[in-house]
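Remarks on the overall topology
In case you want the letters, here they are:
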2 protein chains.
Amino acid sequence: MDRTAEFRRWKAQCLSKADLSRKGSVDEDVVELVQLLNGREPYFTTSSCAGRIILLDGDINGFEVQKQNRCWLLVTHKPCVKDDVIAALKKANGDAILKFEPLILHVQCRQLQDAQILHSLAIDSGFRNSGITVGKRGKTMLAIRSTHGLEVPLSRKGKLMVTEEYIEFLLKIANQKMEENKKRIERLYNCLQHALEKENITNSRPKEKIKDKNKSSYTRKKKRNPEEAHSKCFTEENVKERENDDDLGISVTIFPEDY
Amino acid sequence: MDRTAEFRRWKAQCLSKADLSRKGSVDEDVVELVQLLNGREPYFTTSSCAGRIILLDGDINGFEVQKQNRCWLLVTHKPCVKDDVIAALKKANGDAILKFEPLILHVQCRQLQDAQILHSLAIDSGFRNSGITVGKRGKTMLAIRSTHGLEVPLSRKGKLMVTEEYIEFLLKIANQKMEENKKRIERLYNCLQHALEKENITNSRPKEKIKDKNKSSYTRKKKRNPEEAHSKCFTEENVKERENDDDLGISVTIFPEDY
């Protein structure tokens, strides 16, 4: 079986299976993006989380434990209020931590080039920790990830270590991050749709001479500033925050420009 | 110029340049790994940070700001004590946050296959957020990253929002994470050295018939449990913590086994 046929088979198989997550369905904030991707020949999503605030209870002996062995005291994909966290914390008897986890989306891609295109759009939309995995059987997966997290220990052996005022302050930050994460998802959706539309126009005029292939919407931009990339997709909205740069202050021999 | 010659040129150029980081040198905990990689034909590192605890002061107006515009109150690549953080916090007049950032290492690779090998070793060593980037000119970069962070807001508009006892508790966790991060770096170093030794043995016996290529040390393991991978590299040490699984609880249509 050739690679394209094999990819089609994987895709059909994957999309026909039941959703195996705890929740059993795709998160609301990422449904449109997932549908847009699954509706296109070269992509299908294999797992997704739109972004969430979670409260986990840890081991009472102070050892770090695997996430699946932690007790999930609270999970929400919507902005969170103090009273819900306070109530959930009452059930903690270990080391509870509050986390904001941004979008994580795994997309299987037909070939490396398809992954490169989507990777470029993801980075331009602010998902700076995205990366490609190529398996030994050639399966090509793009993980779309952001650097935009929060991880805060709140209690030790069941004893709350912070004030209610701090929890309120913390949730304001977590909710802001959730809002910004949502904007990035919308940005990625719009950039992808924009790129796909351009591709459709190009495909519907096969006999027209394309003077400069580098001018296609898929061309990787030199500057990784999401504001700039964003302005190419939607100009009305004002973006306040740029992605944190996790390369800053680290030992740089030289980072090749536009690698 | 063919791809291999071009890669050699990039590598020579990169390694001859000055270190452009704030610090001006490679962090102690990652020097051996960087040297091991740079000493091998298919790799060179372009930037690195071994892992650090940082205290950043934010914008006094409460807006999120770019990391380069934040004031760096404290940076350390060693375990950190409460008094240093308390002293540094006195200089904060915005929203100060304490972060633990694990290893980040960018490695340019000769070709995709070289990146796949190193990616596999990185994931087996616990660096689950690693990923490949392929640029439009074919430059192939592996970013080695961990999920193992910490990000804790400490003050609002210069006012400390937590107790000194909490800071002590927090630093204990940050220092533990730094210790675990160091173990993972050692694990990756050992796994890489082990893989390279096997490759050398194979290369030094070119006429011997290799019965099963899939048995090479570079073969991607089915199970992604770093403890298991680790036990193949060094058996003496007891590893307490497994990597958090950031796929847990998220919407999973189906994640292809061993993609």
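Residues numbered from 1 in each chain as written. Chains lettered and ligands numbered in written order. Predicted model: local features only at pLDDT ≥ 70, side-chain atom pairs only at ≥ 80, totals over all residues. Heavy atoms only, no water.

- Per an unreviewed UniProt entry, chain A carries the name tRNA wybutosine-synthesizing protein 3 homolog and comes from Neomonachus schauinslandi.
- Under the heading Catalytic activity (unreviewed entry), UniProt records this for chain A: "4-demethyl-7-[(3S)-3-amino-3-carboxypropyl]wyosine(37) in tRNA(Phe) + S-adenosyl-L-methionine = 7-[(3S)-3-amino-3-carboxypropyl]wyosine(37) in tRNA(Phe) + S-adenosyl-L-homocysteine + H(+)".
- UniProt's Pathway (unreviewed entry) comment on chain A is quoted here verbatim: "tRNA modification; wybutosine-tRNA(Phe) biosynthesis." (UniProt positions renumbered as here; feature names shortened; annotations may be inferred.)

**Thoughts on the overall build of chain A**
- Assigned secondary structure in chain A consists of six helices and 11 strands.
- Relative to its 259 residues, chain A shows a buried fraction of 56%.
- For chain A, the proportion of contacts with a sequence separation of at least 24, taken over those separated by at least 6, is 72%.
- With the model as given, the accessible surface of chain A reaches about 12100 Å², and the carbon-plus-sulfur share is 48%. (Helix = DSSP H or I, 4+ residues; strand = E, 2+ residues; numbered from the N terminus. Buried < 20%, exposed > 50% of the residue type's maximum accessible area, 1.4 Å probe, protein only. Contact = heavy atoms within 4.5 Å. Areas by Shrake-Rupley, 256 points an atom, 1.4 Å probe, with all protein chains shown as cover.)

**Some thoughts on the packing of aromatic side chains**
- Applying the stated criterion across every chain yields a total of five aromatic pairs over all chains.
- Each member of the aromatic cluster is reached from another via a ring pair, and the members are Y166(A), F169(A), Y166(B) and F169(B).
- The positively charged end of K139(A) is found above the aromatic ring belonging to W10(A), 4.3 Å away from the centroid. (Phe/Tyr/Trp six-rings, centres within 6.5 Å; stacked < 30°, edge-to-face > 60°. Lys NZ or Arg CZ within 6 Å of the ring centre and 35° of its normal.)

**With respect to the pairing of strand 6 (residues 131-134) of chain A**
- Taking every second residue as pointing to the same face, both faces of strand 6 of chain A are buried, with G131(A) and T133(A) on one and I132(A) and V134(A) on the other.
- The loop that links strand 6 of chain A with its antiparallel partner strand 7 (residues 140-145) of chain A comprises five residues; one of these, G138(A), has a positive phi angle of about 90°. (Pairing = 2+ DSSP bridges.)

**Details of helix 3 (residues 82-89) of chain A**
- Taken as a whole, helix 3 of chain A has its buried residues at V85(A), I86(A), A88(A) and L89(A). Down the axis of helix 3 of chain A, the smallest arc covering the buried residues is 165°, so these residues share one side. (Arc of directions from axis to C-beta.)

**What to know about empty space enclosed by the protein**
All names here are of chain B.
- Evaluation of the coordinates by the stated rule reveals three cavities of 30 Å³ or more.
- Quantified by volume, the second largest cavity comes out at close to 40 Å³.
- As for the second largest cavity, its lining consists of R3, F7, W10, Q108, C109, R110, G138, K139 and T140.
- For the lining of the second largest cavity, the secondary-structure elements that each account for two or more residues are helix 1 (3-16) and strand 5 (104-109). (1 Å grid on protein atoms, 1.4 Å probe; cavity = no way out; pocket = protein on both sides within 12 Å on 5 of 7 lines; lining within 4 Å. Points joined across faces, edges and corners; volume = space filled by probe spheres on them.)

**Here's the deal with the pattern of salt bridges**
Residues and elements named next belong to chain A.
- In total, this model carries 27 salt bridges over all chains according to the counting rule given.
- Across the pair E180 and R187 runs a salt bridge whose closest N-O atoms are separated by 3.5 Å.
- For E180, a relative accessible area of 9% translates into the label buried.
- Looking at R187, the relative accessible area reads 2%, which means it is buried. (Salt bridge = Lys/Arg side-chain N within 4 Å of Asp/Glu carboxyl O.)

**Examining unusual backbone geometry**
- Even without glycine at this site, K157(A) takes up a positive phi of about 50°.
- Structurally, the position occupied by K157(A) is in the loop between strand 9 (155-156) and strand 10 (159-160).

**Quick word on the confidence of the model for chain A**
- Chain-level pLDDT for chain A is 80 on average; 73% of the residues reach the 70-or-more range.
- Ignoring residues within four places in sequence, the model shows residues 206-259 of chain A, a span with pLDDT below 50, making 125 contacts including any to other chains. (pLDDT = per-residue confidence, 0-100.)

**Quick look at the nonpolar core**
- Core analysis: the biggest nonpolar cluster contains 56 residues, and L33(A), I144(A), L33(B) and I144(B) have the highest contact counts within it.
- The next biggest cluster of nonpolar side chains, apart from the first, holds 52 residues, and it includes I86(A), F100(B), F169(B) and L171(B). (Core = buried A, V, L, I, M, F, W, Y, C linked by side-chain atoms within 4.5 Å.)

**Some words on the environment of Q193(B)**
- Position of Q193(B) among the secondary structure elements: in helix 5 (residues 164-204).
- Placed 157 residues apart in sequence, Q193(B) and L36(B) show a C-alpha to C-alpha distance of 7.8 Å.

**So, the environment of R3(A)**
All names here are of chain A.
- By the secondary structure assignment, R3 is in helix 1 (residues 3-16).
- What makes R3 partly exposed here is its relative accessible area of 45%.
- R3 sits 107 residues away from R110 along the chain, and the two C-alpha atoms are 7.9 Å apart.
- For R3, the contacting residues outside a window of four places in its chain are R110 and G138.

**Points about the side chain of R52(B)**
- When you line up the elements, R52(B) lands in strand 2 (residues 52-57).
- Here the side chain of R52(B) touches E101(B) through a polar contact of 2.8 Å, side chain to side chain. (Polar contact = N/O pair within 3.5 Å; in protein donor to acceptor, adjacent residues only side chain to side chain.)

**What to know about the side chain of N181(B)**
- Relative to the elements of secondary structure, N181(B) occurs in helix 5.
- In terms of polar contacts, N181(B) uses its side chain to reach the backbone carbonyl oxygen of A50(B), at 2.7 Å.

**Observations concerning the environment of G158(B)**
All names here are of chain B.
- The topology assignment puts G158 in the loop between strand 9 (155-156) and strand 10 (159-160).
- Taking the relative accessible area as the measure of exposure, G158 reaches 32% and is therefore partly exposed.
- For the pair G158 and G58, spaced 100 residues apart in the sequence, the C-alpha separation amounts to 9.4 Å.
- Once residues lying within four places of it in the same chain are set aside, the contact partners of G158 are A92, N93 and G94.

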